[in-house]
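Each chain, written out:
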Amino acid sequence: MLVTAKILVFALSGFLRVATGFDIGLSTKCVVIPKEMDMCHKIGYSEMRLPNLMGHTSMAEVILKSTTWQHLAHTDCHPHVRTFLCSLFAPICLDTFIHPCRSMCVAVRDSCTPVLACHGHRWPDSLDCDRFPADEDMCLASLTKEYKHLHKVLPKPACQACPAVEEFFTHKRVLEVFCDSNFAVKVKLSKKRTVFGGQEYNIECQVEFITQGSFLPYETQSMIQQWLLINENCTQRMTPTYRPMVYLLVGNIEEGIILVNQVYRWQRRDSQLTLATQKWRYHKCL
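Residues numbered from 1 in each chain as written. Predicted model: local features only at pLDDT ≥ 70, side-chain atom pairs only at ≥ 80, totals over all residues. Heavy atoms only, no water.

A word on the overall build of the protein chain. In terms of regular secondary structure, the protein chain is built from 8 helices and 10 strands. Within the protein chain, the proportion of its 286 residues that are buried is 46%. With the model as given, the accessible surface of the protein chain reaches about 15000 Å², and the carbon-plus-sulfur share is 54%. (Helix = DSSP H or I, 4+ residues; strand = E, 2+ residues; numbered from the N terminus. Buried < 20%, exposed > 50% of the residue type's maximum accessible area, 1.4 Å probe, protein only. Areas by Shrake-Rupley, 256 points an atom, 1.4 Å probe, with all protein chains shown as cover.)

Inspection of every chain in the model, using the stated rule, returns 7 aromatic pairs. Relative to Phe132, the ring of Phe84 lies with its centre 5.8 Å away and its plane at 80 degrees, an arrangement referred to as edge-to-face. Within this pair, whereas Phe84 is found in helix α2 (residues 81-89), its partner Phe132 is found in the loop between α3 (102-118) and β4 (139-140), the two being separated by 48 residues in sequence. Both residues of the pair, Phe84 and Phe132, count as buried. Between the aromatic rings of Phe178 and Trp280, the centroid separation amounts to 5.5 Å while the plane-to-plane angle is 80 degrees, which identifies the pairing as edge-to-face. On the criterion of sequence distance, the pair formed by Phe178 in helix α5 (residues 171-179) and Trp280 in the segment after α8 (271-279) is long-range, its members being 102 residues apart. (Phe/Tyr/Trp six-rings, centres within 6.5 Å; stacked < 30°, edge-to-face > 60°.)

The subject of this paragraph is the pattern of salt bridges. Counted by the stated rule, this structure contains 6 salt bridges. A salt bridge links Lys35 to Glu36, with the nearest nitrogen and oxygen atoms 3.4 Å apart. By relative accessible area, which is 30% here, Glu36 ends up partly exposed. Between Asp125 and Arg122 there is a salt bridge, with the nearest N and O atoms lying 3.4 Å from each other. (Salt bridge = Lys/Arg side-chain N within 4 Å of Asp/Glu carboxyl O.)

Here we take up empty space enclosed by the protein. Taken as a whole, this structure holds 2 cavities of 30 Å³ or more when the rule is applied. For the largest cavity, the full set of lining residues is Cys162, Pro163, Val165, Trp227, Cys234, Arg237, Met238 and Val263. With 3 residues, helix α7 (residues 232-238) is the single largest residue contributor to the lining of the largest cavity. Among the residues forming the lining of the largest cavity, the class breakdown is 7 nonpolar, no polar and 1 charged. (1 Å grid on protein atoms, 1.4 Å probe; cavity = no way out; pocket = protein on both sides within 12 Å on 5 of 7 lines; lining within 4 Å. Points joined across faces, edges and corners; volume = space filled by probe spheres on them. Nonpolar A, V, L, I, M, F, W, Y, C, P; charged D, E, K, R; others polar.)

Bringing the confidence of the model for the protein chain into the picture now. Summary statistics for the protein chain give a mean pLDDT of 84 and a share of 86% for residues scoring 70 or more. Every residue in residues 1-26 is under pLDDT 50, and counting partners more than four places away or in other chains gives 75 contacts. Contacts for the low-pLDDT stretch residues 146-150, under 50 throughout, to residues beyond four places or in other chains number 3 contacts. (pLDDT = per-residue confidence, 0-100. Contact = heavy atoms within 4.5 Å.)

Turning to unusual backbone geometry, a few remarks are in order. With an omega dihedral of 0 degrees, the bond running from Leu50 to Pro51 counts as a cis peptide bond. The phi angle at Lys42 is positive, at roughly 60 degrees, despite the residue not being glycine. Structurally, Lys42 can be placed in the loop between β1 (29-32) and β2 (47-50). Judged by its relative accessible area of 67%, Lys42 is exposed. Positioned with a positive phi, Asp76 is a non-glycine residue whose angle comes to about 55 degrees. Note that Asp76 resides in the loop between α1 (59-74) and α2. Take Asp76: its relative accessible area is 10%, and that puts it in the buried class.

For the rest of this paragraph, the subject is the packing of α1 against α2. Relative to each other, α1 and α2 sit at 175 degrees, their axes nearing to 10 Å. Taken together, the axis directions place α1 and α2 in an arrangement best described as roughly antiparallel. Touching Val62, Lys65, Ser66, Trp69, Leu72, Ala73 and His74 of α1 are Val81, Arg82, Leu85 and Phe89, all from α2. The class makeup of the residues in the contact of α1 with α2 is 7 nonpolar, 2 polar and 2 charged. (Axes fitted to C-alpha atoms, helices over the stretch in contact; angles between N-to-C directions. Parallel < 35°, antiparallel > 145°, perpendicular 65-115°, else oblique.)

Before going further, it helps to examine the pairing of strand β9 (residues 245-254). Counting buried positions over the 10 residues of β9 gives 8, a clear majority of the element. The pairing of strand β7 (residues 183-193) with β9 spans 7 bridges and is antiparallel. Counted as the bridge partner of Val185 is Leu249 from β9. Note that β9 and strand β10 (residues 257-265) share 8 bridges and pair antiparallel. Paired with Gly251 across the two strands is Val260, which belongs to β10. (Pairing = 2+ DSSP bridges.)

Printed below as a string of structure tokens:
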């Protein structure tokens, strides 16, 4: 089964704390969330208030400033990262503005700061959590504890040094590596330029095997997609051109952390990887 990297949908229902908000002035208006802000699509509403809670007054400014956050949203570094960001950049059209609660900001900040650090950035002053209301006010509250009870908590990708891409190997050597690993996932990568000159990746995954934990194929695919988005420097090296590239990622899951240890280039005429994945079903490790 193949899946693309752009996944995860959050609705606003269930996040609201009941209290009093502040009135929207007459200068604001409802507009359709633009297609360029795909991180704020399929979140439970399709129109936003402008100006927004970041003080952006034009749609061009909203699109430009939100672009820098699209990548973080797609890493799924926290279950509510999209809800948090979209409540600021694309607030829902209601009679009052609904801020994210301070607790949601803190939860997202603590989970996503390591991802920002992996790319050489820090949590910005503009998103200082002290600026947001306490949970007893009307705001979007984090349901992280409830989320953990209702959803399986998956291992998190590590920010790590990029494994060297191996292009010359034998199927016997690959089988030895399989024996020391928890998973192997075949990945097809491609990229394209965005309207703002950045790069957007399309990631398709096919699970060859996973031996650690009771993870379903789509869960393993999601974990590998997150690893590639968080370790974007590795993904860039693996996509030197705009032609699709195919790799086999092999690694381990240790203490709730995903580590990719080997990367094999899967070329069209390569029989060694195909042979290794076929023999693996019956292979007995020493």
